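A structural walkthrough
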Amino acid sequence: MTPGLRTGMLALGFLGLLQTAAFADAYQDGMTAFRGENYDQALSLLLPYAKDGNPEAAYIIGELYGPRSWGLKGENRNGVEQNNAQAIFWWGEAAKQGHSEAQLRLGWWLMKGGDVVKQDQAAGMNWLLMAANQGEPQAQYEVGLAYWKGRGVKPDPIAAYMWLDLCADQPGFDNASTYRDELARGMTAAQITQAKLMVQAFTPKRGN
């Protein structure tokens, strides 16, 4: 290798490192903008990462486009118009990569239906179960209620007890123990024992 060729390759390598660092910095800037409610800037900075297959970026893009009922600060969209189709698309992209919060969002809205997406409780339950199996407490709560009431699945008191019990000790899920105990009053001792054994055997699974 000639000295000139070696120098050129080193320069290209250095340029590549600079581009990689700049790309990483833009991602962090996008996340900072999102946390600071600068949603239009966050969208601009994070969209390339979402398109590049970054599940967290895709999830955030879904949050930016989606309804504000999931706890984003305030109702001010700060430059990003609500677009339910885009929200569902990007939550779906993140969910397919194992992002538990995206699976929860997608599953919850499919269960609910309405203006956001056409109701499909079977598909919604599938996504909720994926999130619940990763240990996401809100998903576990929703899955427990679905098994209890037969939403998207056949009623199954044993599975309902298990999922409600798993999230009952999590902050903000006091209703889970109330519903679990109400459910238990209609179950046999053998069913309750089986449900408790399932709780003991549960181990959260990692996403894709």
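None of these values were measured; they are calculated from a predicted model.

**Structural notes on the environment of Ser 44**
Mapped onto the secondary structure, Ser 44 falls in helix H2 (residues 39–51). Residues Ser 44 and Gly 30 lie 14 residues apart in sequence; the distance between their C-alpha atoms is 7.8 Å.

**Considering the nonpolar core**
Counting 32 residues, the largest nonpolar core has Tyr 141, Val 143, Tyr 147, Tyr 161, Trp 163 and Ala 176 as its most contacted members. Of all elements in the fold, only helix H5 (100–112), helix H6 (121–133), helix H7 (137–149), helix H8 (157–167), helix H9 (174–184) and helix H10 (189–201) reach the threshold of two or more residues within this core. Examining the composition of this core, we find that 9 residues originate from one element, H8, more than from any other. Setting aside anything within four residues of it in sequence, one finds Tyr 141 in contact with Leu 164, Cys 167, Phe 173, Asn 175, Ala 176 and Tyr 179. Core analysis: the next-biggest nonpolar cluster, separate from the first, contains 31 residues, Tyr 27, Phe 34, Ala 50 and Trp 109 among them.

**Concerning unusual backbone geometry**
A positive phi angle, near 65°, is found at Glu 37, a position not held by glycine. Considering the arrangement of structural elements, one finds Glu 37 in the loop between helix H1 (3–35) and H2.

**Concerning the packing of H7 against H8**
Think of two packed helices as two axes; the pair is described by the angle between the axes and how far apart they sit. Here H7 crosses H8 at 155°, and the two axes come no closer than 8 Å. As judged from the angle between their axes, H7 and H8 are roughly antiparallel. Classified by chirality, the crossing of H8 by H7 is left-handed. Within the contact between the two elements, H7 uses Pro 137, Gln 140, Tyr 141, Val 143, Gly 144, Leu 145, Tyr 147 and Trp 148 and H8 uses Ala 159, Ala 160, Trp 163, Leu 164, Leu 166 and Cys 167. Residues of the contact of H7 with H8, tallied by class, amount to 12 nonpolar, 2 polar and no charged.

**Looking at the pattern of salt bridges**
Summed over the entire model, instances satisfying the criterion amount to 4 salt bridges. Close ionic contact of Lys 96 with Glu 93 constitutes a salt bridge, the shortest N to O distance being 2.8 Å. In this pair, Lys 96 and Glu 93 are both assigned in helix H4 (residues 84–96), 3 residues apart and thus about one turn of the helix distant. Judged by its relative accessible area of 51%, Lys 96 falls in the exposed class. Given the relative accessible area of 25%, Glu 93 is considered partly exposed.

**Observations concerning the environment of Met 162**
Mapped onto the elements, Met 162 comes out in helix H8. The exposure class assigned to Met 162 is buried, which follows from its relative accessible area of 8%. With 32 residues separating them in the primary sequence, Met 162 and Gln 194 have C-alpha atoms 9.0 Å apart. Leaving out residues up to four positions away in the same chain, Met 162 has contacts with Ala 195, Met 198, Val 199 and Phe 202.

Rules and cut-offs
Residues numbered from 1 in each chain as written. Predicted model: local features only at pLDDT ≥ 70, side-chain atom pairs only at ≥ 80, totals over all residues. Heavy atoms only, no water. Helix = DSSP H or I, 4+ residues; strand = E, 2+ residues; numbered from the N terminus. Core = buried A, V, L, I, M, F, W, Y, C linked by side-chain atoms within 4.5 Å. Buried < 20%, exposed > 50% of the residue type's maximum accessible area, 1.4 Å probe, protein only. Contact = heavy atoms within 4.5 Å. Axes fitted to C-alpha atoms, helices over the stretch in contact; angles between N-to-C directions. Parallel < 35°, antiparallel > 145°, perpendicular 65-115°, else oblique. Left-handed = near helix turned anticlockwise from the far one by under 90°. Nonpolar A, V, L, I, M, F, W, Y, C, P; charged D, E, K, R; others polar. Salt bridge = Lys/Arg side-chain N within 4 Å of Asp/Glu carboxyl O.

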